[in-house]
Amino acid sequence: MSIKWLEWAQRIQAISQAGLTFTKDVFDKERYEELRHISADILNHYSELQIEEIEGLFRNERGYPTPKLDVRGVVFKNGKILLVKEKLENKWSLPGGFCDVGLSASENVVKEIYEESGYEVKVKKLLAVLDMTKHDHPPHSYHYYKLFIQCEIVGGNPSTGTETSDIDFFDQEHLPDLSLNRNTAAQLELMFEYYQNPKKETCFD
């Protein structure tokens, strides 16, 4: 849910990045760099993120700041939802990831599902566009929108990818230990609502 210190840190970072992008004044540049450091310091103080890691990420950001996009594939089979086990956390999530430049949202989700689960899918419907800061995700350096896209299996065979160690389908009452960085139990419950009511309108924050 909304955390004020996280909102402040993200806004300060956005202001500093925009300032560093457009300023021509050397003194203003120093001030915007100081704002960037303050943002990183806030994140370091209130989370488990290391300040060197945060400042390294921020330094690599260029251009006017906008929210980043994360796509999640929603695939049902016999009333159960497809989840993959992430190697990094050893927890489960909807297949997906950050959007790659040059691909549309639908192209991204098709690619992610195939790479992480081995299934070939076709896109059916955009179910939800959710602001990460308005849901029970752990604090993150960046501001993300999460796109949940329903897909249908058309081919392929189940197989793990470079980032996944297992693949399975789960019913609503027996969900595994979830990767909260990627999806929450409430979000999966929302996806089951779409399965039970295909005419439900797209949800967005």
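Residues numbered from 1 in each chain as written. Predicted model: local features only at pLDDT ≥ 70, side-chain atom pairs only at ≥ 80, totals over all residues. Heavy atoms only, no water.

Trainee: In this structure, what is going on with the pairing of strand β6 (residues 144-156)? I would like to understand it.
Mentor: When a strand is regular, its side chains alternate between the sheet's two faces. In terms of strand pairing, strand β1 (residues 68-77) meets β6 through eight bridges, oriented parallel. Considered in β6, the bridge of Gly73 is made with Ile149. Of the strand pairs in this sheet, strand β5 (residues 119-131) and β6 are connected by eleven bridges, and their pairing is antiparallel. The partner of Tyr119 across the bridge, within β6, is Gly156. (Pairing = 2+ DSSP bridges. Helix = DSSP H or I, 4+ residues; strand = E, 2+ residues; numbered from the N terminus.)

Trainee: Explanation requested: the pattern of salt bridges in the structure shown.
Mentor: Opposite charge on two side chains allows them to pair when their charged atoms are near. Summed over the entire model, instances satisfying the criterion amount to ten salt bridges. Of the charged contacts in the structure, one is a salt bridge between Asp70 and Lys146, with a shortest N-O distance of 2.3 Å. Placement of the pair is Asp70 in strand β1 and Lys146 in strand β6, with a sequence separation of 76 residues. Comparing Asp70 with Lys146, the two get one shared label, buried. Of the charged contacts in the structure, one is a salt bridge between Arg182 and Glu86, with a shortest N-O distance of 3.4 Å. Residue Arg182 is located in the loop between β7 (164-170) and α5 (185-196), and its partner Glu86 is located in strand β2 (residues 80-86); the two are separated by 96 residues in the primary sequence. Judged by relative accessible area, which is 3%, Glu86 ranks as buried. Each of the salt bridges in this network shares a partner with another, and the network as a whole consists of Asp100, Lys111, Glu112 and Glu115. (Salt bridge = Lys/Arg side-chain N within 4 Å of Asp/Glu carboxyl O. Buried < 20%, exposed > 50% of the residue type's maximum accessible area, 1.4 Å probe, protein only.)

Trainee: Would you mind showing me how to read the side chain of Ser93 here?
Mentor: Tracing the sequence through the fold places Ser93 in strand β3 (residues 91-93). Look at Ser93 and you get buried, because its relative accessible area is 0%. Within the local environment of Ser93, its side chain forms a polar contact with the side chain of Glu86, the two groups lying 3.0 Å apart. Ignoring sequence-local partners within four residues, the contact set of Ser93 consists of Arg72, Leu83, Val84, Glu86, Ser179, Arg182 and Asn183. (Polar contact = N/O pair within 3.5 Å; in protein donor to acceptor, adjacent residues only side chain to side chain. Contact = heavy atoms within 4.5 Å.)

Trainee: In this structure, what is going on with the packing of aromatic side chains? I would like to understand it.
Mentor: Pairs of aromatic rings are described using the distance from one ring centre to the other and the angle between the two planes. Summed over the entire model, instances satisfying the criterion amount to six aromatic pairs. Pairing Phe98 with Tyr144 gives two aromatic rings, centres 4.9 Å apart and planes at 10°, and the pair type is stacked. Highlighted residues: Phe98 in strand β4 (residues 96-98) and Tyr144 in strand β6, separated in sequence by 46 residues. When its relative accessible area of 5% is taken as the criterion, Tyr144 is described as buried. With a centroid separation of 6.0 Å and an interplanar angle of 65°, the aromatic rings of Tyr119 and Phe169 are classed as edge-to-face. A residue pair is termed long-range when its members are at least 10 positions apart, and Tyr119 in strand β5 and Phe169 in strand β7 qualify at 50 residues. For Tyr119, a relative accessible area of 8% corresponds to the buried category. For Phe169, a relative accessible area of 14% corresponds to the buried category. The ring of Tyr194 has Lys200 sitting right over it, with the charged end atom 5.6 Å from the ring centre. (Phe/Tyr/Trp six-rings, centres within 6.5 Å; stacked < 30°, edge-to-face > 60°. Lys NZ or Arg CZ within 6 Å of the ring centre and 35° of its normal.)

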